[in-house]
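Examination of the molecular architecture
The chain contents come next:
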Amino acid sequence: MSSKVNLFICLFILHLCAAASVRGHKIGIYEIKKGDFTVKVTNFGARVISVLLPDKHGKIGDVVLGYDTIKEYENDTSSFGAIVGRVANRIGGAQFTLNGTLYKLIANDGNNTIHGGPKGFSHVIWKVSKYEKDGPHPHITLTYHSADGEQGFPGDLLVSVTYALKDPYKLSVVMKGKALNKATPVNLAQHTYWNIGGHTSGNILSNVIQIFASQITLVDQHLIPTGALAPVKNTPYDFLKPRKVGSQINKFQNGYDINYALDSSENMKPVAIVYDKKSGRVMDLQASAPGVQFYTANSLIKKGKGGYVYQPHAALCLETQGFPDAVNHPNFPSTIVTPGKSYIHKMLYTFSITK
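Everything quoted here is computed from the prediction, not taken from an experiment.

With antiparallel pairing, the 5 strands of this open sheet are ordered in space as β18-β17-β20-β23-β26. Two strands bound the open sheet, and with one partner strand each, they are β18 (225-231) and β26 (317-321). If you compare each strand with its neighbour and ignore which way they point, the axes differ by 30° on average. With 5 bridges joining them, strand β20 (residues 257-261) and strand β23 (residues 291-295) adopt antiparallel strand pairing. Along β23, the bridge assignment pairs tyrosine 260 with valine 292.

Right, dumping it as structure tokens:
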């Protein structure tokens, strides 16, 4: 073997070792804590990997589904706890036209794109730019630079998410985006799977939920919006008054997976309230986005934390967002961000106990 080949092999091995070292160094787990309220985050996908808080008996429990290791998150296909984007939810036909240019994306949901493509924001390493573990203002800010053409989307985009703990038992999530050189669609969503009874407590069908929306965006058989909105009144989608998640779920083949058009026009609007009788925990969600995807983990079968196997309906997701496929429906609220303009999406979870 020639000396040049030996040198090439040595350099290649050093490159791999260096890359692995950098990659290993960059991915971490970060805790923010306020009293007996603790949230853990990883910068792989800017994911929430655990939320610990007491129940009505004072017992601390973890109320989000997840895994024990980063490797499992790297192989995850369910977006556990992640920030999904550049565009959350589905884009029909994996394409859209913007300012006269047709952009073809990478299909990863049949012929459609979901959650930004096969390597969306949930599967990249974010940079930790600010971190304060405890004290009066526990928080962590993570940032990511999405390059022009990434997963087919136009323009360079800087995004960030800040998770912060407030008093009492409040988790604030603020997602921001800035287009640097081209107009681009931006629709970030926080994709935590919640089971406020505890992640090992079984299904969420007995949870009582209220969703502050009187309309849904109608979808076709591939869950792509048709462009029309429909009232929820007198349908299984109606949660304007609190009722159990499972009270009419048998009307669907699998369960709920639909975008609700929120009623309020306020900046921070009521989204949903979830109550678990056994634990006494209540989760109240407000957000600035116009819609929320209500999803009941319909096809979930995953081995999670501590080896516990999560089954269908083991959690619910409340993904506040712009409307799905808005890039192909001019009548929907626009998700286009132009250079010089900023995108901001705020969420506030308030947890409490009812005995």
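Structure's up, so let's keep going.
Here we take up the UniProt feature "binding site: beta-D-galactose" (unreviewed entry) in the protein. The sites that carry the UniProt feature "binding site: beta-D-galactose" (unreviewed entry) are, in the present numbering, Asn89, Arg90, His191, Thr192, Tyr193 and Asp257. From the set just named, the residues that line the largest cavity comprise Asn89 and Asp257. Topologically, arginine 90 is positioned in strand β6 (residues 90-91). Ignoring any residue separated from it by four or fewer positions in sequence, one finds arginine 90 in contact with Asp109, Thr113, Ile114, His222, Leu223, Ile224, Asp257, Pro324 and Asp325. Of note, tyrosine 193 is situated in the loop between β15 (189-191) and β16 (208-211). In this view, tyrosine 193 contacts Val63, Val64, Leu65, Ser78, Ser79, Phe80, Tyr295, Ala297, Ala315, Leu316 and Cys317; residues no more than four positions away in its chain are not counted.

So, on to empty space enclosed by the protein. One pass over the structure, following the stated rule, counts 3 cavities of 30 Å³ or more. In terms of lining, the largest cavity is formed by Asn89, Val219, Leu223, Pro225, Asp257, Ile258, Asn259, Gln293 and Pro324. Among the elements that make up the lining of the largest cavity, the one with the highest residue count is β20 (3 residues). Lining the second largest cavity are Gly85, Arg86, Gly116, Lys119, Gly120, Phe121, Ser146, Glu150, Gln151 and Phe153. Considered class by class, the residues forming the lining of the second largest cavity number 2 nonpolar, 5 polar and 3 charged.

Rules behind the numbers
- All residue numbers here refer to positions counted from 1 along the written sequence of the relevant chain.
- Reporting of local features is limited, given that this is a predicted model, to residues whose pLDDT is at least 70; pairs of side-chain atoms are given and counted only at 80 or more, and all residues count toward the totals for whole chains, interfaces and linings.
- To obtain the side-chain values, all non-hydrogen atoms of the structure were included, while hydrogens and water were left out.
- Here, a strand pair is defined by DSSP locating no fewer than two bridges between the strands.
- We count a stretch as a helix when DSSP gives it H or I for four or more residues in a row; a strand needs E for two or more, and each element gets its number in order from the N terminus.
- Under this scheme, a helix contributes an axis fitted over its contacting stretch, all axes are lines through C-alpha atoms, and angles between N-to-C directions fall in the 0 to 180 degree range.
- UniProt positions are given in the numbering used here, feature names are shortened, and annotations may be inferred rather than shown by experiment.
- Here the term cavity refers to a set of points on a 1 Å grid, laid over the protein atoms alone, in which a 1.4 Å probe fits but cannot get out; the term pocket refers to an open set having protein on both sides within 12 Å along at least five of seven lines, with lining residues being those that place an atom within 4 Å of a point.
- In what follows, a contact means two residues having at least one pair of non-hydrogen atoms within 4.5 Å.
- Grid points are joined across faces, edges and corners, and a volume is the space filled by probe spheres set on the points.
- In the scheme used here, Gly and all other residues not listed as nonpolar or charged are polar, with Ala, Val, Leu, Ile, Met, Phe, Trp, Tyr, Cys and Pro taken as nonpolar and Asp, Glu, Lys and Arg as charged.

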